[in-house]
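# Report on the structure
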Amino acid sequence: MSGSNRHSYTNTLAFIMKKQMILFRRLFACLKVLLCQFILAPVIIASPLIDEHQFIFEEAKKEPLIPSQQPAFTSAGMHINQIQFVGSHNSYKQAMPDGFVKQLMKVNPKVVESLEYEHASLAEQLDLGIRKLELDVFYVAYQDKFLVGHVQQIDMNSNCATLRICLTQIMAWSQNNPTHAPLWISFNAKDGYIPGLPSPEAFSPAAFALMDSIIEEVLGEKLIRPRDIVDLQWPLLDESRGKFILILDEGGDKRDMYYDGWQQRPMFTSSPEGHPAAAIMILNDPVGQLDEIQRLVRAGYMVRTRADADTREARENDTRRRAAAFASGAQAVSTDYYLPATHFGNEYQVSLTQPLQCNPITAPANCQVSE
């Protein structure tokens, strides 16, 4: 047999084997549903001894055994409530100073355990695929500024000392990565009294007005605003690239104070369902609130939940809450461990292979999404 004939013969054998494999898979699928006699038509496997060119010509005219696939639903038609991503909790936080750790250990070791986490810089987190950040702010009236930290006096080490500095760092990253999915930033307005520590200044309408002005100055042109969302109709992902969604994560008087005049505000609030300002909800227990989160997501709300809290899941390498968080369909899944929790002796981690994935509740069939 000549070299060319051997090559053609080999190709024919390979083609036949491929068709037989396809046939076997189809036969197996048919048997599983007990409908093989109605679906599988007789198929004649040609002998490799026949004229290989005639065989290939005849096979080319047949219906392919592999069914046609539906076209993928790509990010071009995706809305921003149809995606899911990972966020960091207290994104600014550095380790608590050793002196305060030692003092607090004498009083309440469990509290120290709950605070045993820290984060990379905001830009590094964004480079790792984090798409939701969280900042805690303290109002300093006489300086017209907001400090960023966790607990007054004892846990104020931060990757960015003030609100303006934090937002400027985030904006700089955004300008260098202009096609990113919209970044969420949530804010806690810290003014709670803790015995033995200095009392923070209370948030007031003047404080929120100042906060809004700093936000507008740094991010104003890139905001998706509460007034932009009518009847929970969210914009397309491709139209929202390079933009920001801001949330005031407060309830009670502070929330009510802020959403008075919400149409002019840059931040969303976790408003009661049905309120005209309601669009983004904060539900942090994806195990106990799984059904409620899924219901809200199906109704068109966007939701933030948490995969872990107070270092518990990371210490125990317990992934149940993480699994529930992703299954809930909450668009933003926050964690302290987007990097492995190796300091606890395990590999607990909450991350995706890319910044975005299709939302398990709202994304269309055959969804494919990328940044």
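As a starting point, this report considers the structure included with it. (Residues numbered from 1 in each chain as written. Predicted model: local features only at pLDDT ≥ 70, side-chain atom pairs only at ≥ 80, totals over all residues. Heavy atoms only, no water.)

## Quick look at the state of the cysteines
This model, assessed by the stated rule, comprises 2 disulfides. The residue that forms a disulfide with C160 is C166, at a sulfur-sulfur distance of 2.0 Å. Of note, the bridge from C160 to C166 carries an S-S torsion of about 95° and is right-handed in sense. Residue classification places C160 among the buried residues on the basis of a relative accessible area of 1%. By relative accessible area, C166 is classed as buried at 0%. Paired through a disulfide, C358 and C367 show a sulfur-sulfur distance of 1.9 Å. Looking down the S-S bond of the C358 and C367 bridge, the torsion is -85°, so its handedness is left-handed. C358 gets classed as partly exposed once you look at its relative accessible area, which sits at 24%. Given a relative accessible area of 16%, C367 falls into the buried group. Shown here for the protein chain is a disulfide pattern of 1-2, 3-4, where each number marks a bonded cysteine counted in sequence order. (Disulfide = S-S within 2.5 Å. Buried < 20%, exposed > 50% of the residue type's maximum accessible area, 1.4 Å probe, protein only.)

## Examining the layout of surface pockets
Within this model, the largest pocket holds a volume of roughly 350 Å³. Every residue lining the largest pocket is counted, 18 residues in all, and those nearest its centre are E116, Y117, E118, H119 and H343. Taken together, the residues of the lining of the largest pocket sort by class into 11 nonpolar, 2 polar and 5 charged. (1 Å grid on protein atoms, 1.4 Å probe; cavity = no way out; pocket = protein on both sides within 12 Å on 5 of 7 lines; lining within 4 Å. Points joined across faces, edges and corners; volume = space filled by probe spheres on them. Nonpolar A, V, L, I, M, F, W, Y, C, P; charged D, E, K, R; others polar.)

## Here we look at the pairing of strand 1 (residues 83-88)
In terms of burial, strand 1 is largely enclosed, as 6 of its 6 residues are buried. Of the two faces of strand 1, the one lined by I83, F85 and G87 and the one lined by Q84, V86 and S88 are each fully buried. (Helix = DSSP H or I, 4+ residues; strand = E, 2+ residues; numbered from the N terminus.)

## With respect to the packing of aromatic side chains
Aromatic rings in a pair are described by how distant their centres are and how their planes are angled relative to each other. Using the criterion set out here, one finds 9 aromatic pairs in the structure. Summarising the aromatic geometry, the rings of F208 and Y258 are spaced 5.4 Å apart at their centres and angled 70° between planes, so their arrangement reads as edge-to-face. Of the two residues, F208 is situated in helix 8 (residues 205-219) and Y258 in helix 9 (residues 252-258); the sequence distance between them amounts to 50 residues. Judged by its relative accessible area of 0%, F208 is buried. Aromatic rings pair up to connect Y139, F146, F203, F208 and Y258 into one cluster. When the ring centre of Y117 is taken as reference, the NZ or CZ atom of K93 above it lies at 4.8 Å. The ring centre of Y258 lies 4.1 Å from the NZ or CZ of R265, which sits over that ring. (Phe/Tyr/Trp six-rings, centres within 6.5 Å; stacked < 30°, edge-to-face > 60°. Lys NZ or Arg CZ within 6 Å of the ring centre and 35° of its normal.)

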